[in-house]
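One-letter residues, chain by chain:
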Amino acid sequence: MLTARSGIIASALSVLTQVTRRMVGVVSLIILARILTPEDYGLVAIALLFLNFIDVISSTGGENYLLSREELTDELVYTNWTLNFILKGCLALLMALSSYPIAQYYEDPRLMPIILVFSLQSFIAQLGSPGLIYKIKKQELGAITKWQIISRFVTTGITIGIAVIYETYWALVLGQFMVTVSQVLSGYVIAPKMPRFSLKNIRPQWEFSKWVLPQSVLNFFRSQLDAMFVTVTFEKAIVGGYNSMRYYANIPTTMFINPASGPLLTQFSQFKNNPGYFEKQLQVVLFFMSMITAPIIYLMNAHAAYVVELILGQKWVEYSDLLAIFAFFTIVMTLNNILSQIVMLKDRTRLLFGYSIYSTIAQAIMFASVDFTSVNQLAEYKVALDVFSVVLFFTIVIWAFVGKHAYFALVAPLVPSVLTISLSGHLAFMVIPTVDSFLTLAGHSLITAALFGIMQLMLILVLQGRVYCFAYTVKLMMPAWQKCRRMVDSA
């Protein structure tokens, strides 16, 4: 049986993998951003819209289905692999056939070969080893972590080399392609299990996936409708700036938050039939997520202009306001991730479908009815609507699966994170009024983070007897605290 310790170790390994991969990716993108132009990024962003669409509409939720089962069998795994192969193979072919009309629509022949490469990438991506899911289920993530880090370093070095030598947008395209190929190959090194076609378990998996598929399609339009609107409304340089700032704003979520909450579905499945304990663990998860997201949002919003100039260069500064706006999208991504896992754990994927319908329609109405004067205004409306929608979704999910009595217990521990990060930032500005260099940025960030941590720790220690998540945090801290005391005593 999986334990809290195994869950913490799995989360730590997931975070380590994502942090390393993202750090390498960020460094490469910084280098590429100084070599390539926003227009180059805009061109590739248009092609990526179609690749992402193919990936999303072929998402059956198979991994979540398998992880939520109490026991895995080859029959379950092979059926899931077969279902993915059929769907993604057909859609990859359709994408390749659509490359010419897409290039004609955007009046840019450069798009056709890019889309053809992405089509091949989409097909290769679904040829991975079926054996990986067994290691993920057992939370044996050490080998996965090692190989993913190694492959990321190798592919990034090749990508940067292409960009430096040729100064072409093909560095972005080939970089994406090589990452996919390396992931597939490393999967067979980590878990060498050859695929096999099987449809024995197709009916129960399809019962689960039939709501995930349309929900995934709607989810794509919900998350990409703004990007699609930008691609047909603004010039390619603005498209590149918009998509790049949104990507950079999402890095903290994909690097820290999603990996940390990744093992939640497996952990929640151990006590999904114990409502009281489920509520307590959900409170812990939400509190930990607020501790991570609050400083990220504040620092990214407060220092957007200087960070963009320092990291990407002067030619990207005009898009820095977009980074500040998209910082608040961290709230949306974090809650969406947690709530979606809860709903899928309860096998109520129809609720996710309904949420996606509402969100997509709401955005479509907004884009159709508002005459946006700038891309910044579009981003503000997009983020505001998404925050409102995910809060509404949170209200519905908690009411349905936990109970309306739980709202105060779940939300109250989150409020101090908002208040303490705001106060910490204000005090940091009193110490360092202006952030105009790397040293002042680092100093301001360290002061803010330190004050935030101290205030939160004091709150946890004072209220640990009244709030479960605070007591749980102290319990997790005690082994490290006792180890430090022993080291001090022995010295």
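Looking at an unreviewed UniProt entry, one finds the protein named Oligosaccharide flippase family protein, with Alteromonas oceani as its source organism. Heading Sequence similarities (unreviewed entry) of the UniProt record for the protein holds this comment: "Belongs to the polysaccharide synthase family." Regarding the protein, the UniProt comment filed under Subcellular location (unreviewed entry) reads as follows: "Cell membrane".

**A few points about the overall build of the protein**
The secondary structure content of the protein amounts to 22 helices and zero strands. The burial tally for the protein puts 52% of its 491 residues in the buried class. For the protein, the share of sequence-separated contacts (at least 6 apart) that also reach a separation of at least 24 residues comes to 81%. As displayed, the protein offers around 22800 Å² of accessible surface, 67% of which is attributable to carbon and sulfur atoms.

**Brief notes about unusual backbone geometry**
Located in the positive-phi region is E107, a residue other than glycine, with phi close to 55°. Within the secondary structure layout, E107 lies in the loop between helix 5 (99-105) and helix 6 (111-125).

**Side note on helix 18 (residues 375-401)**
Spanning 27 residues, helix 18 covers 39 Å between terminal C-alpha atoms, matching the ideal 39 Å at 1.5 Å per step. Note on helix 18: the residue one or two positions beyond its end, G403, has a positive phi of about 120°.

**Remarks on the confidence of the model for the protein**
In low-pLDDT regions, the fine details of the predicted coordinates are not to be read closely. Per-residue confidence for the protein gives a mean pLDDT of 82, with 88% of residues at or over 70. Across residues 1-8 the pLDDT falls below 50, and counting only partners more than four positions away or on other chains, this stretch makes 16 contacts in the model.

**Structural notes on the nonpolar core**
By size, the foremost hydrophobic cluster in this structure holds 98 residues, and its most contacted members are F118, M245 and L282. Other than its neighbours up to four places away in sequence, M245 contacts V308, L312, W316, Y319, L322, L323 and F326. In this structure, C469, F470, Y472 and V474 belong to the second largest nonpolar core, which totals eight residues.

**Digging into the pattern of salt bridges**
Here the structure, examined in full by the defined rule, presents six salt bridges. In this structure, the salt-bridge partner of R110 is E39, at a minimum N-O distance of 4.0 Å. In this pair, R110 is assigned in the loop between helix 5 and helix 6 and E39 in helix 2 (residues 38-57), connecting sequence segments 71 residues apart. Overall, the relative accessible area of 40% leaves E39 in the partly exposed class. Between K193 and D74 there is a salt bridge; the shortest N-O distance is 3.4 Å. Highlighted residues: K193 in the loop between helix 9 (170-190) and helix 10 (202-233) and D74 in helix 4 (residues 74-97), separated in sequence by 119 residues. Take D74: its relative accessible area is 34%, and that puts it in the partly exposed class. Look at the salt bridges and you will find they share partners, linking E39, D108, R110 and K236 into a network.

**Let's talk about the environment of L43**
Its place among the elements puts L43 in helix 2. Remark: the alpha-carbon pair of L43 and Y169, spanning 126 residues in sequence, is separated by 8.2 Å. Setting aside anything within four residues of it in sequence, one finds L43 in contact with D108, R110, L111, I114, Y169 and K236.

**Here's the deal with the packing of aromatic side chains**
Summed over all chains, the structure comprises 18 aromatic pairs. On the basis of an interplanar angle of 75° and a centroid distance of 6.0 Å, the ring pair of F229 and F372 is categorised as edge-to-face. Residue F229 is located in helix 10, and its partner F372 is located in the loop between helix 17 (349-369) and helix 18; the two are separated by 143 residues in the primary sequence. Residue F229 is classed as partly exposed on the basis of its relative accessible area, which comes to 23%. Judged by centre distance (6.0 Å) and plane angle (45°), the ring pair of F287 and F288 falls under tilted. Clustering of aromatic rings is evident, with ring pairs tying together W81, F85, F123 and F197.

**Concerning the packing of helix 16 (residues 329-345) against helix 17**
Packing of helix 16 against helix 17 brings their axes to within 7 Å, and their N-to-C directions diverge by 140°. As judged from the angle between their axes, helix 16 and helix 17 are oblique. Of helix 17, the residues touching helix 16 (which contributes N336, S340, V343 and M344) are T349, L351, L352 and Y355. Residues that form the contact of helix 16 with helix 17 fall into these classes: five nonpolar, three polar and no charged.

**Describing a nonpolar patch on the surface**
Taken together, the side chains of W147, I150, V154, I158 and V189 make up a nonpolar region of the molecular surface, amounting to roughly 410 Å² of accessible area. For the nonpolar patch, the element with the highest residue contribution is helix 8 (residues 142-166), accounting for four residues. Within the secondary structure, V189 sits in helix 9.

**Here we look at the environment of W147**
By the element assignment, W147 lies in helix 8. Put simply, W147 and S186 are 39 residues apart on the chain and 6.2 Å apart in space, counted from C-alpha to C-alpha. Contact partners of W147, with chain neighbours within four places excluded, come to S186, V189 and I190.

Reading the values: the criteria
Residues numbered from 1 in each chain as written. Predicted model: local features only at pLDDT ≥ 70, side-chain atom pairs only at ≥ 80, totals over all residues. Heavy atoms only, no water. UniProt positions renumbered as here; feature names shortened; annotations may be inferred. Helix = DSSP H or I, 4+ residues; strand = E, 2+ residues; numbered from the N terminus. Buried < 20%, exposed > 50% of the residue type's maximum accessible area, 1.4 Å probe, protein only. Contact = heavy atoms within 4.5 Å. Areas by Shrake-Rupley, 256 points an atom, 1.4 Å probe, with all protein chains shown as cover. Expected span 1.5 Å × (residues − 1). pLDDT = per-residue confidence, 0-100. Core = buried A, V, L, I, M, F, W, Y, C linked by side-chain atoms within 4.5 Å. Salt bridge = Lys/Arg side-chain N within 4 Å of Asp/Glu carboxyl O. Phe/Tyr/Trp six-rings, centres within 6.5 Å; stacked < 30°, edge-to-face > 60°. Axes fitted to C-alpha atoms, helices over the stretch in contact; angles between N-to-C directions. Parallel < 35°, antiparallel > 145°, perpendicular 65-115°, else oblique. Nonpolar A, V, L, I, M, F, W, Y, C, P; charged D, E, K, R; others polar. Patch = residues over 30% accessible without salt bridge, like charges linked within 9 Å, V, L, I, M, F, W, Y side chains within 5 Å.

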